[in-house]
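# Per-entry structural report
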Amino acid sequence: MSTQGLDEFAGWVEGLMRARGYDIDSPRGGGKSRIADEAGVHRAAVTRLLQRQSMPDLETMRRIAPLLGVSVRDMLIRSGRVSPEELPLAADLLPPGDWQPTMEDFARWLGVPDERMGVFVKVVNQFLDPEVDEPGTRRTAQD
């Protein structure tokens, strides 16, 4: 990590700390100790970050992020440890909202072999189609 990257990250974290009411500016304000205590991390880790000496480790970020009202994902990306592409949002992984999976999709997700795909689809459709009594027969209006 570059010095500039550490400086930018520390500046961002400082802003979050101040916005959450932690007094990190005055020597006797107690903000650094309070953050460390509430997060369950060593005060030295908070101090090293704010003095731009070192980047916090993953566990420290994981514990501090909720106190600052940000996700661990945002903290990791801002720290430069990972890119947004390496930690996509769950919504980015979902198919389009109008997409309807087919029986073949479900079969693939369940690991049904290609040679049994037709049988799987046929059997499952029998359970889903209320008009089917016996394979190949449908109820009529008189039934």
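Rules behind the numbers
Residues numbered from 1 in each chain as written. Predicted model: local features only at pLDDT ≥ 70, side-chain atom pairs only at ≥ 80, totals over all residues. Heavy atoms only, no water. Helix = DSSP H or I, 4+ residues; strand = E, 2+ residues; numbered from the N terminus. Buried < 20%, exposed > 50% of the residue type's maximum accessible area, 1.4 Å probe, protein only. Contact = heavy atoms within 4.5 Å. Areas by Shrake-Rupley, 256 points an atom, 1.4 Å probe, with all protein chains shown as cover. Phe/Tyr/Trp six-rings, centres within 6.5 Å; stacked < 30°, edge-to-face > 60°. Expected span 1.5 Å × (residues − 1). Salt bridge = Lys/Arg side-chain N within 4 Å of Asp/Glu carboxyl O.

Turning to the overall build of the protein, a few remarks are in order. The number of helices and strands found in the protein is 8 helices and 0 strands. When its helices and strands are written in sequence order, the protein yields α-α-α-α-α-α-α-α. In the protein, buried positions account for 29% of the 143 residues. Restricting to contacts in the protein with at least 6 residues of sequence separation, those with at least 24 account for 38%. Only carbon and sulfur atoms are counted for the fraction: they give 52% of the accessible area of the protein, which is about 9,900 Å².

Further remarks concern the packing of aromatic side chains. For the structure shown, the criterion picks out 2 aromatic pairs. When the ring of Phe9 is compared with that of Trp12, the centres are 5.9 Å apart and the planes differ by 40°; the resulting orientation is tilted. One end of the pair, Phe9, and the other, Trp12, are both in helix H1 (residues 3-19), 3 residues apart, so they sit about a helical turn from each other. On the basis of relative accessible area, Phe9 is assigned to the buried category, the value being 1%.

Helix length check: H1, at 17 residues, gives a terminal C-alpha distance of 24 Å against a target of 24 Å (1.5 Å per residue), a fit within 8%. Within H1 the residues assigned to the buried category are Gly5, Leu6, Phe9, Ala10, Trp12, Val13, Glu14, Leu16 and Met17. Looking at the buried positions of H1, the neighbouring elements they touch are helix H2 (31-39), helix H3 (43-50), helix H4 (58-68) and helix H5 (72-79). Just beyond H1, the residue with positive phi is Gly21, at close to 90°.

Attention shifts here to the pattern of salt bridges. Taken as a whole, this structure holds 9 salt bridges when the rule is applied. The structure contains a network of salt bridges with shared partners spanning Asp7, Glu14, Arg18, Asp25 and Arg52.

What follows covers the environment of Met75. Secondary-structure assignment places Met75 in helix H5. Distance in space between the C-alpha atoms of Met75 and Ala65 is 6.7 Å, their sequence separation being 10 residues.

Keep in mind these numbers describe shape, not what the thing actually does.
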